[in-house]
Amino acid sequence: MEKQPLPSDDISKETEADGGYGEEDTQLASEPAARAGWNSKIEYFLAQVGFSVGLGNVWRFPYLCHQNGGGSFLLLYVLLMLVIGIPLFFLELAAGQAIRQGSIGVWRHISPRLSGIGYSRCCFVCFFVALYYNVILAWSLFYLGNSFQYPLPWEQCPEQGNTTVKECALSSNTSYFWYRKALDITDSIDEMGSFNTYIVLCLLAAWTIVCLGMFKGIKTSVKVMYFSSIFPYVVLFCFLIRGFLLDGALEGVTFMFYPKLEIWGDVQVWRQAATQVFFALGLGFGSIIAYSSYNPKNNNCHRDAFTVSTINFLTSVLATLVVFAVLGFKAKVKVQDCVVSNTEELVELFNNGFVDHSLMPAFNYSDSASVDVDDYRSWFKQFGSKIPVNLSDCDFEKEMQKGVEGTGLAFIAFTEAISRLPGSPFWSALFFLMLLNLGLSTMFGTMEGILAPLTDRFKILANNKTKFTIFSCILGFTIGLLFTQRCGSYFVTMFDDYSATLPLIIVVVFETFTVSWLYGADRFLDDIERMLGWRPYVVYKYLWKYISLLGMLGLLAATTIRMVMKRPTYMAWDKETATEVYLQYPDWALAVLTSLIIFAMLPIPVGFIRALLLEKNKRASRDSEIGQYSIVNTDESPMTDMANLEPPNRHASSLS
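All of these numbers come straight from a predicted model, not from anything done at the bench.

Caption draft 1: Layout of the environment of isoleucine 288. Structurally, the position occupied by isoleucine 288 is in helix α15 (residues 287-292). Between the alpha carbons of isoleucine 288 and glycine 102 there is a distance of 9.2 Å; along the sequence they are 186 residues apart. Aside from chain neighbours lying at most four places away, what touches isoleucine 288 is Gln48, Phe51, Phe89, Glu92, Leu93, Leu281, Gly282 and Leu283.

This is the structure in structure tokens:
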């Protein structure tokens, strides 16, 4: 029997007059009367952009761009954004806005048998992400607190007596501070260690901030977003201007954007680009649906999809410019230090008679600080191999190729560059305050993706939303203590790599298939036409049904094959050698990460089986009623014909 279309409300003239935003929108017939709404379009944009623009734009995208061909990767990213990212982003925006429910309500309406998609998102995937994401905010708070001192505590290696601490001397001052002072990390995930008191307190502060920003729903969180969504852009532009004034910035940016077209033939590059598009827009979390559900029905969500996606992409490019301008400066300083050190060592060898005068360079080596890098490298290529000790080439490109991502970029490489700037405490505080605000905006969206669907679905939670919010934050902090152990960062890596990636891809595959094939792409476009007053381009039908769906299936296959073919590894810190090493997860850890994936996916088959059982019970009840009528009625009674009539269509997921 044909499904009912998505609910469509008549928009009042008053609503249209003020652009569709205001108090009157909370009284639409298809939603609870108490449901909140955005006071203005600006609030909605701040929330949606704040959620989609997160830490990944600052420390993941620049790394991928750097490792995968620079400008070539940008072109590939834009292509995948157009054929996969924006169509699926538009799909989620339209579904949330049309049905005006969280992810659970949306999928109960579109396909009751697949209502588990909503539960999988909010109860597991979003919650898993919130657990470890807030730990990153705790780390940012720790560094922010340590930024208000001069000199910065990671500028120099500590000393024991008259000697430098061995672990710091073998690595670097920023690596030592990160691994030993901030995390006090163990050598492997097998060594649990005690709780890190400072990180526990920072995690408590992070969850407190999230709770205060969320305890009254979007009405309070959006007030925070006026600052948390705008402030990072102010900081990025400040760093951009300061960065381009630094020596080496132009070389860093040039290195970044130098195209390498051959990377288009690498399947792994396509997988990484598609994964970044997927996570950059926040597809599959349910937060996009939750935020758009507060929109008025005539809001142009098609334009919103392009606007938010464009802002997201431009933010990634802006962050990449900032990162490589600053890293270019760091590389230039390190290369110059390398030249000075090698020149001094060469002079010492010459003075001691170990180097012949004919091998000495023509430039003025008596003042090592004034030696030009190009002059040194020209000499090194000609005579370097004849010197009795191993002098280095001092190559700028090799220094730039030491790419780091994620926490390594933020807490090691970038902090080292900042420590070399004049007024380093100011720039450090600014940087970590930016990270904190980027994370907060994403956390608000993630928590809304958890709270909105459950409060929409269960009346008791809606009536006690403040208590439910506080309880969720307390639960998140309690479970999050796992990540504050000395081995906690290894669990953060595990959750980041496995608890979200594969489950989210599977969720979006089900989502796309359900809308485009089960519900019907044409019918969904009809619903959007009734909602917006105009019909979106027919190309979306083919993108949803074929291109985007096949793209997500390809990403799912590539990710699964990679996980199965190669035993999962994590980066550990070896205290003795003071180096980062890759270790394989032990068997118990593999069991944990497998359980994370299974638990995240469990609601989908459970919801499917439950829906089938409910349908079976309804059919049995209906057959019983028909049987009763056939016994009571006689052949002459007109009720005999009524018994053969099909019962009215009771749409199992229609909103009341």
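Caption draft 2: View of the pairing of strand β4 (residues 579-584). When strand β3 (residues 569-574) meets β4, the two strands line up antiparallel, connected through 6 bridges. Within β4, the residue paired with threonine 569 across the bridge is glutamine 584. Hairpin remark: β3 followed by β4, antiparallel, with 4 residues in the connecting loop; positive phi at alanine 578, about 55°.

Caption draft 3: Focus on empty space enclosed by the protein. Enumeration according to the criterion identifies 6 cavities of 30 Å³ or more in this entry. Of the voids in this model, the largest cavity is the one considered here, and its volume is about 60 Å³. If you go around the largest cavity, the residues you meet are Trp139, Leu183, Asn196, Ile199, Phe483, Thr484, Gln485, Arg486, Gly488 and Ser489. For the lining of the largest cavity, a count of residues per class yields 4 nonpolar, 5 polar and 1 charged.

Caption draft 4: Geometry of the state of the cysteines. If you walk through the whole model with that rule in mind, you get 2 disulfides. Two residues share a disulfide in this structure: cysteine 157 and cysteine 168, whose sulfurs sit 1.9 Å from each other. One disulfide, between cysteine 157 and cysteine 168, carries an S-S torsion of -75° and so falls in the left-handed class. On the criterion of sequence distance, the pair formed by cysteine 157 in the loop between α7 (116-146) and β1 (159-160) and cysteine 168 in helix α8 (residues 166-170) is long-range, its members being 11 residues apart. A relative accessible area of 1% places cysteine 168 in the buried class.

Caption draft 5: Region of interest: the pattern of salt bridges. Enumeration over the complete set of coordinates arrives at 17 salt bridges. A salt bridge links arginine 530 to aspartate 527, with the shortest nitrogen-to-oxygen separation between them at 2.3 Å. Placement of the pair is arginine 530 and aspartate 527 together in helix α24 (residues 501-532), with a separation of 3 residues, close to one helical turn. We classify arginine 530 as partly exposed; its relative accessible area is 44%. Residue aspartate 527 is classed as buried on the basis of its relative accessible area, which comes to 4%. Here the salt bridges do not stand alone but share partners, grouping Glu167, Arg180, Asp184 and Arg486 into one network.

Caption draft 6: Representation of helix α20 (residues 424-457). Between the first and last C-alpha of α20 there are 50 Å, a value that for 34 residues agrees with the 50 Å anticipated at 1.5 Å per step. Across the 34 residues of α20, 30 count as buried, placing the element largely inside the fold.

Caption draft 7: Here's a closer look at unusual backbone geometry. The residue after tyrosine 150, namely proline 151, is reached through a cis peptide bond having omega 0°. Mapped onto the fold, proline 151 is located in the loop between α7 and β1. Even without glycine at this site, cysteine 394 takes up a positive phi of about 60°. Residue position: cysteine 394 is located in the loop between α17 (373-383) and α18 (396-400).

Caption draft 8: Seen up close, the packing of aromatic side chains. Here the structure, examined in full by the defined rule, presents 50 aromatic pairs. Cation over ring: arginine 457 sits above phenylalanine 458, and NZ or CZ is 5.4 Å from the ring centre. One cation-aromatic arrangement involves arginine 523 over tyrosine 519; the distance from NZ or CZ to the ring centre is 4.9 Å.

Caption draft 9: Region of the structure containing the UniProt feature "binding site: Na(+)" (unreviewed entry) in the protein chain. Mapped onto this numbering, the UniProt entry gives "binding site: Na(+)" (unreviewed entry) at Gly50, Val53, Asn57, Asn312 and Leu438. Across 389 residues of sequence, these annotated residues stay compact in space, with a maximum C-alpha separation of 12.4 Å. Counting through the fold element by element, asparagine 57 comes out in helix α3 (residues 55-59). Excluding residues within four positions of it along the chain, asparagine 57 makes contact with Ser52, Pro62, Asn312, Ser316 and Ala319.

Caption draft 10: Fine view of the side chain of glutamine 48. For glutamine 48, the location among the structural elements is in helix α2 (residues 41-52). With sequence-adjacent residues up to four places away left out, glutamine 48 is seen in contact with Phe89, Leu93, Ile288, Tyr291, Ser292 and Val308.

What counts and how
- Residues numbered from 1 in each chain as written.
- Predicted model: local features only at pLDDT ≥ 70, side-chain atom pairs only at ≥ 80, totals over all residues.
- Heavy atoms only, no water.
- Helix = DSSP H or I, 4+ residues; strand = E, 2+ residues; numbered from the N terminus.
- Contact = heavy atoms within 4.5 Å.
- Pairing = 2+ DSSP bridges.
- 1 Å grid on protein atoms, 1.4 Å probe; cavity = no way out; pocket = protein on both sides within 12 Å on 5 of 7 lines; lining within 4 Å.
- Points joined across faces, edges and corners; volume = space filled by probe spheres on them.
- Nonpolar A, V, L, I, M, F, W, Y, C, P; charged D, E, K, R; others polar.
- Disulfide = S-S within 2.5 Å.
- Buried < 20%, exposed > 50% of the residue type's maximum accessible area, 1.4 Å probe, protein only.
- Salt bridge = Lys/Arg side-chain N within 4 Å of Asp/Glu carboxyl O.
- Expected span 1.5 Å × (residues − 1).
- Phe/Tyr/Trp six-rings, centres within 6.5 Å; stacked < 30°, edge-to-face > 60°.
- Lys NZ or Arg CZ within 6 Å of the ring centre and 35° of its normal.
- UniProt positions renumbered as here; feature names shortened; annotations may be inferred.

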